[in-house]
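# Coordinates in review
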Amino acid sequence: MESGGLTIPCDILVFGGTGDLALHKLLPALYHLFREARLNPAVRVIALARRNLPRIDYLKLAERHCRAQIARSDFDEEVWQRFSARVDYFPMDASQSADFGRLARYLGEPGGLTRIFYLATAPNLFVPIANHLRIAGLADTEARIVLEKPIGHSLESATAINEAIGTVFEERQVFRIDHYLGKETVQNLMALRFANALLEPVWRNNQVDHVQISVCETLGVENRGAYYDRAGAIRDMLQNHLLQLLCLVAMEPPAQFEAEAVRDEKVKILRALKPITGQDVQDKTVRGQYGAGRIGGQEVPAYYFEKDVDNDSDTETFVAIEAHIDNWRWAGVPFYLRTGKRMARRASQIVIQFKPVPHELFSGGQVNQLLIQLQPDERISLRMMTKSPGKGMRLEPVDLDLNLAQVFSQTRRWEAYERLLLDVLEGDSTLFMRRDEVEAAWAWVDPIIKGCEEHFQAPRPYPAGSFGPEQANSLLARHGRHWHG
Ligand code: BG6
C-alpha cells in the first residue's frame, strides 16, 4: 500500500469547503502531503461552498486554520505559498443544478486529470450532489467520490443513499470514510494480530474472557449541536467507529491485505453480531446524557444547555453495550462497547482480557490483559503477573509497555486524513467502508435505536467529568467485571 511515489494528477473538489472538516482536517492533511512531495505537481484543490468569498479571502481563512492545526515546526512559509497557489475557491450552491453547469465550465475538459469529489457536507446533500454531477457530465468513469460519515441515519436512509450514489458511480469509485481506519494504531491492530504468530492461538474464546472497546472524549458537542441532537452517540460513534474497531479485533485473517479480502472478513463479523432486540435492549444497553460538571477544572454546562440542542432533548451522549458475536471463534465472549462525550479523560482503547490460569498456584493472582491504546498516547501493553521481590510468592501485575510514539520518535505521526486522502488518490479502498459493511452495521444498530424509542428509555444522567452513568458499571459488574480505566 505504501507507494512513496507521486499521486496521479487530479482535481480535488471539496464540497463544504468552508466547514470545520475542510479547514481543520482536509487542508492541513493536503498541505502535509504536498510538503512531503506526495502530491503530483498538477494537483489542484478546489474548495466549494455557498459563501461568496473572493479566492484571496478564502486563502486567508485557509491559512489561519492551517497555521492553527499544523505544528509550528512543520509549517513552512515557502511551502505554504507553493501549496496555496494550487488552491482555488468556487462559490456555488450545491442544491442548484445551474451551479454545476458553471462548475463544469470552470473545470473545463479533464485533460488527463482525475476528478475527486470530496463531500464534506451534510449527508442529505450526497444524493443531490451526485445527481447534479452526473447531469453536468462531471461523473465520468475515472472520477472518485468520497463520502463522510454518517451515511444516513438508519438502514433505510443509508440504503437509499447507497442506491442513489450507485446509479451515478460504480462501487470502485466510492470511498466511504471512517477516519478511525486512518489512525496509525488502528492499522497497527492488524499488524499486531496478523504479523505476530504468538497471538493467534490465544485470540479466541477459549483464552479470552471478554473484550472492551472504549472511546471516551472530554469534548462536548462543540458547535455541532444541531447535527448531534438528531444523531446521538449511537449513530455518531457506535454505528461506525466502534463497530469498525470491533471488526478489526474480531475478524478472521484475510487471505491478502487488499480491499476486497479485508472488507469481506469485516462484513462477516458485522453479520455475525447477535441482534439486540426487545428486552435485550434494556438489559444490554445503557444510554446516558451529560449534565453539568467539571472538565480539566472548568465548569461545563449540561448537554441540554448546549448551543442548538433542545432543552428537553433525550439524545444520548453516552452509550455502553454488551455485544456478542455468534461465530465459532467468539461464542460466549462479551464485547463491551462504550463511548461518551464529556467524560473524565480522553482515552480510546481496546482491552483484551484473558481468562485466569486454569489452576491457581499462588494466591492473589490476577489475569493477563492486552491493552491497545489508540489515543491520546499510542501504546500497546501486556499485563503480566510477576513475583514481587522478597520472601514469599507475592504476585504483582507488571506491564510490558510498547510506547509507539517513543519507538518511532524520529518519524512524524501521520494524521488519519493524510493517510486516507493518499489512499483515495491511489485508488486503494482497503481502509474505506464498502456499501454492504455500512448497511450491515445499520442493520445491527437500527433495532437498538428502535428498542430505546419503544421502551421510552430516557438516557441516564451523568455528570460531565465522570465515566458515564452508574448503570454502565453494572453492565459489567453483574458478571464480576469492570471497565478498564
Ligand atoms: C467524529 C464524531 O466522527 O469522531 C465526533 O462525529 C467525535 O463526534 C469524533 O468527536 C472523534 O474523533 P477523534 O479522532 O477525535 O477520536
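What you see is a predicted model, and the numbers here were worked out from it, not measured in a lab.

Our next topic: the UniProt feature "active site" (unreviewed entry) in the chain. Sequence positions flagged by UniProt for "active site" (unreviewed entry) are, in local numbering, His241. Mapped onto the elements of the fold, His241 is located in helix α8 (residues 225-250). Judged by its relative accessible area of 2%, His241 falls in the buried class. Ignoring any residue separated from it by four or fewer positions in sequence, one finds His241 in contact with Lys149, Asp178, His179, Tyr180 and Asp236. Side-chain polar atoms of His241 contact the side chain of Asp178, separated by 2.7 Å.

Along its 20 residues, helix α13 (residues 435-454) runs 28 Å from first to last C-alpha, staying within 8% of the 28 Å computed at 1.5 Å per residue. The largest bend along α13 measures about 30° and falls at Val445, with the proline Pro447 one to four residues further on. Of the residues flanking the end of α13, it is Phe456, one or two places downstream, whose phi is positive at about 45°.

A separate point is the pairing of strand β8 (residues 285-291). Taking burial as the measure, the 7 residues of β8 include 7 buried ones, the bulk of the element. Two elements, β8 and strand β11 (residues 318-323), share 4 bridges in a ladder whose sense is antiparallel. The residue bridging Val286 from the neighbouring strand is Ala320, located in β11. Note: β8 against strand β17 (residues 460-463), 4 bridges, orientation parallel. Residue pairing across strands places Tyr290 opposite Tyr462, the latter belonging to β17.

In this structure the tally under the stated criterion is 17 aromatic pairs. Seen from their ring centres, Tyr58 and Tyr89 are 4.7 Å apart, and the 15° between their planes marks the pair as stacked. One end of the pair, Tyr58, is in helix α2 (residues 55-69); the other, Tyr89, is in strand β3 (residues 87-91), with 31 residues separating them in the sequence. Note on Tyr336 and Trp483: the rings are 6.1 Å apart at their centroids and 70° apart in plane angle, and the pair reads as edge-to-face. Of the two residues, Tyr336 sits in strand β12 (residues 335-340) while Trp483 sits in the segment after α14 (470-477), which places them 147 residues apart along the sequence. Trp483 gets classed as buried once you look at its relative accessible area, which sits at 9%. In textbook terms, an aromatic cluster arises when at least three aromatic residues are bridged by ring pairs, as seen for Tyr31, Phe34, Phe75, Trp80 and Phe83. Between the NZ or CZ atom of Lys183 and the centre of the ring of Tyr180, over which it lies, the distance is 4.6 Å.

Take the packing of helix α9 (residues 259-272) against α13 next. As a packed pair, α9 and α13 sit with axes 9 Å apart at the nearest point and diverge in direction by 15°. In terms of their interaxial angle, α9 and α13 are classed as roughly parallel. The hand of the α9/α13 crossing is left-handed. In this structure, α9 uses Arg263, Lys266, Val267, Leu270 and Arg271 to contact α13, whose residues at the interface are Asp436, Glu437, Ala440 and Ala441. By residue class, the composition of the contact of α9 with α13 is 4 nonpolar, no polar and 5 charged.

Conventions and cut-offs
- In this convention, every chain numbers its residues from 1, walking through the sequence in written order.
- Selection of residues for local features in this predicted model requires a pLDDT of at least 70, selection of side-chain atom pairs for listing and counting requires 80 or more, and totals for whole chains, interfaces and linings are taken over all residues.
- Only hydrogens and water are removed before side-chain values are computed, so all heavy atoms of the structure are retained for them.
- UniProt positions are given in the numbering used here, feature names are shortened, and annotations may be inferred rather than shown by experiment.
- Each helix is a run of H or I in the DSSP string that is no shorter than four residues. Each strand is a run of E no shorter than two, and both are numbered from the N terminus.
- Each residue is assigned to one of three classes by its accessible area relative to the maximum for its type, calculated with a 1.4 Å probe on protein chains only: buried under 20%, partly exposed between the two thresholds, exposed over 50%.
- Residue contacts are counted whenever heavy atoms from the two residues lie within 4.5 Å of one another.
- Here a polar contact means two N or O atoms within 3.5 Å. Within protein one must be a hydrogen donor candidate and the other an acceptor candidate, and residues neighboring in sequence count only if both atoms are side-chain atoms.
- Every helix has an expected span of 1.5 Å times one less than the residues it contains.
- In this scheme, the bend at a residue equals the angle between the axes fitted to the seven residues that finish there and the seven that begin there.
- Being paired, for any two strands, means DSSP has found at least two bridges between them.
- Think of it this way: a Phe, Tyr or Trp ring, Trp meaning its six-membered ring, pairs with another when their centres are within 6.5 Å, and the plane angle makes it stacked under 30 degrees, edge-to-face over 60, tilted otherwise.
- Working rule: Lys NZ or Arg CZ, within 6 Å of ring centre, within 35 degrees of ring normal, means a charge sits over the ring.
- Note on geometry: axes are lines fitted to C-alpha atoms, helical ones only across the stretch in contact, with angles between N-to-C directions running from 0 to 180 degrees.
- Angle categories are assigned with fixed cut-offs, so that under 35 degrees is roughly parallel, over 145 is roughly antiparallel, 65 to 115 is roughly perpendicular, and the rest are oblique.
- Note on convention: near helix rotated counterclockwise from far helix by under a right angle means a left-handed crossing. Clockwise means right-handed.
- Lys, Arg, Asp and Glu make up the charged group, whereas Ala, Val, Leu, Ile, Met, Phe, Trp, Tyr, Cys and Pro make up the nonpolar group; the residues left over, Gly among them, are polar.

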